[in-house]
Amino acid sequence: MKVLPPTIRENKRYLAFELIAEGPVSRDELIREIFSAAGSLLGDLGSSECNIWLFAFEGMQGVISCNRENVCQTRAAIATVTHIKGKRVNIHILGISGTVLGATKKYLEGVDIFNPEEQSHINE
Amino acid sequence: MARTKFYDLNIHTVPEGKNKIEEMAGLAKHFGYAGIAITNPSNSCKPEKPVVLGGIEVFSGVELKTDNASKLHGLVGKYRQITDVIIVHGGSENINRAAVENSNVDILSNFGSMKDNGLNHVLAKSAQENDVAISFDLAEIIGQRGGRRVRALANFRKNLKLVRKYDVPFILTSNGNSYYDLRAPRELIALARLFGMTPEEATYGISTAPEQIIAKNRPSSNYVFKGVEIVNPTLYKISSEGDEQ
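Parameters at a glance
- Residues numbered from 1 in each chain as written.
- Chains lettered and ligands numbered in written order.
- Predicted model: local features only at pLDDT ≥ 70, side-chain atom pairs only at ≥ 80, totals over all residues.
- Heavy atoms only, no water.
- Helix = DSSP H or I, 4+ residues; strand = E, 2+ residues; numbered from the N terminus.
- Buried < 20%, exposed > 50% of the residue type's maximum accessible area, 1.4 Å probe, protein only.
- Contact = heavy atoms within 4.5 Å.
- Areas by Shrake-Rupley, 256 points an atom, 1.4 Å probe, with all protein chains shown as cover.
- Buried area = accessible area lost by both parts, 1.4 Å probe.
- Polar contact = N/O pair within 3.5 Å; in protein donor to acceptor, adjacent residues only side chain to side chain.
- Nonpolar A, V, L, I, M, F, W, Y, C, P; charged D, E, K, R; others polar.
- Patch = residues over 30% accessible without salt bridge, like charges linked within 9 Å, V, L, I, M, F, W, Y side chains within 5 Å.
- Salt bridge = Lys/Arg side-chain N within 4 Å of Asp/Glu carboxyl O.
- pLDDT = per-residue confidence, 0-100.
- Core = buried A, V, L, I, M, F, W, Y, C linked by side-chain atoms within 4.5 Å.
- 1 Å grid on protein atoms, 1.4 Å probe; cavity = no way out; pocket = protein on both sides within 12 Å on 5 of 7 lines; lining within 4 Å.
- Points joined across faces, edges and corners; volume = space filled by probe spheres on them.

A count of helical and extended segments in chain A gives four helices and five strands. Going from N to C terminus, chain A has its helices and strands arranged as β-α-β-β-α-β-β-α-α. By residue count, 48% of the 124 residues in chain A fall in the buried class. Put simply, 71% of the contacts in chain A that link residues at least 6 apart link residues at least 24 apart. Within the structure as shown, chain A displays about 6700 Å² of accessible surface, and the carbon and sulfur contribution to it stands at 52%.

So, on to the interface of chain B and chain A. Facing 26 residues of chain B, the contacting portion of chain A comprises 27 residues. Summed over both partners, the interface of chain B with chain A comes to about 2400 Å²; 60% of that surface belongs to carbon and sulfur atoms. The largest contributions to the chain B side of the interface with chain A come from His 30, Tyr 180 and Glu 187 of chain B, which together make up 29% of the buried area. At the junction of chain B with chain A, the criterion picks out 12 residue pairs in polar contact (both at pLDDT 80 or more). The set of elements that each furnish at least two residues to the side of chain B that touches chain A consists of α1 (21-31), α5 (139-143) and α7 (185-194) of chain B. Along the lines of polarity and charge, the residues of the side of chain B that touches chain A split into 12 nonpolar, four polar and 10 charged.

All names here are of chain B. With an omega of 5°, the peptide bond between Val 14 and Pro 15 qualifies as cis. Note that Pro 15 resides in the loop between β1 (6-11) and α1. Non-glycine residue Asp 131 carries a positive phi angle of around 60°. Tracing the backbone through its elements, the reader meets Asp 131 in the loop between α4 (121-130) and β7 (133-137). Look at Asp 131 and you get partly exposed, because its relative accessible area is 37%. Its identity is not glycine, yet Asn 175 carries a phi of approximately 45°, on the positive side. Tracing the chain through its elements places Asn 175 in the loop between β8 (170-173) and α7.

This paragraph deals with the environment of Leu 72 of chain B. Residue and element names in this part refer to chain B. With respect to the secondary-structure elements, Leu 72 resides in helix α2 (residues 69-80). Separated by 30 residues in sequence, Leu 72 and Asn 102 place their C-alpha atoms 9.6 Å apart. When near neighbours in sequence (up to four residues on either side) are disregarded, Leu 72 contacts Leu 64, Thr 66, Val 88, Ile 95, Ala 98 and Ala 99.

A cluster of nonpolar residues, Phe 35, Trp 53 and Phe 55 of chain A, forms a patch on the protein surface that exposes about 300 Å² of accessible area. Within the secondary structure, Phe 35 of chain A sits in helix α1 (residues 27-50).

Moving on to the confidence of the model for chain A. All names here are of chain A. This prediction gives chain A a mean pLDDT of 89; 90% of its residues lie at or above 70. Within chain A, no element has a lower average pLDDT than helix α4 (residues 120-123), which sits at 44, and none a higher one than helix α2 (residues 71-79), at 95. Throughout residues 120-124 the model reports pLDDT below 50, and contacts reaching past four residues in sequence, or to other chains, amount to five contacts.

What follows is about the nonpolar core. Grouped together as the largest cluster of nonpolar side chains are 91 residues, with contacts concentrated most on Leu 19 and Leu 30 of chain A together with Phe 136, Phe 195 and Met 197 of chain B. At eight residues, the largest contribution of residues to this core is made by α1 of chain A. Once you skip the residues sitting within four places of it in the chain, Met 197 of chain B turns out to touch Phe 136, Leu 160, Arg 164, Phe 170, Leu 172, Ala 192 and Ala 202 of chain B.

With that out of the way, let us pick up the layout of surface pockets. Space inside the largest pocket adds up to approximately 450 Å³. Taken together, 18 residues form the lining of the largest pocket, with Arg 3, Phe 6, Phe 31, Gly 32 and Arg 186 of chain B sitting closest to its centre. Among the elements of the structure, β5 (87-97) of chain A together with β2 (33-41) and α7 of chain B are those that each provide at least two residues to the lining of the largest pocket. Top element by residues in the lining of the largest pocket is β5 of chain A. It accounts for five residues. Split by residue class, the lining of the largest pocket holds 10 nonpolar, four polar and four charged.

Another point: empty space enclosed by the protein. Residue and element names in this part refer to chain B. Overall, the coordinates contain one cavity of 30 Å³ or more when judged by the stated rule. Put simply, the largest cavity is a space of about 40 Å³. Forming the walls of the largest cavity are Ile 38, Asn 40, Pro 41, Ser 42, Cys 45, Lys 46, Pro 47, Glu 48, Gly 61 and Val 62. The set of elements that each furnish at least two residues to the lining of the largest cavity consists of β2 and β4 (56-64). If you tally residues by element for the lining of the largest cavity, the top one is β2, at three residues. In the lining of the largest cavity, the residues fall into five nonpolar, three polar and two charged.

See the structure below:
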């Protein structure tokens, strides 16, 4: 298969995110919930324009890719995710970048994930 | 350029919500808020004292829920001196009306949808005159699916039109009861854009408008009374010294 030349490729944005959840969440469950939320909010047409894809997900962090023109809609769709398999969740977008490397390096590496259990830093 | 400061002025904590103030403040700070207001209903607990917790300002607030308009005015008078933010939980026609006609009220929330007692031109005009902000409760978009969300979005669109026409102050809020209800400022802006708000308007609703509400209720030392403020303290000093002689 021939790879598309760079100028014809779709322009993407990569959204680095963290998941604040009541318990562990699997990749498949997260994908299903994001697509369901996008389908519900934006419909099939809107979702296809956004081209949302869970690029990577490890631990409680990950990267979602989407079309460059539809970052705002994607963000809104992701914000409407409230439950995954009965567990309450909150997806927080840490930052947006034009490359996967940029998103990972700038927003994910060395960043503490917010843990509801440990609130010691604020009680000090 | 200084970074925009974001505020969410409608947050619930224990006993109304699920998390403690420290926990909500911690998450809000993590999300990039500069301040939040704890607005638990007046009938469930006393308003909290304003504090600064680990770099985030926590304003004291109260949400007033009542069916009686004259009782509402009484409650507003009672809480005005001790809280930074007064929110009226509207719904019925007379409460909505009473709230926007009382300039001591800061925010009117949950005022109902289109068919039953929603925002209309009369309320909007009155809200503008008395500087009462209208709350866009984005939890309705976050938490609901299907028909209800369709109605919520349509209703927001209509309210936005009125707000623009009559130049009414408004705020955006995630109306959070727990960790999982709170949304980061940029997410709220993205949600507000779904129903046609421009990024500038959304930023106003989450930053400028709440800032003005807080500033109004925490007058600086140069404040004299509504509309009068000492802009040049040195001039004032000279003239007052002159008076003594």
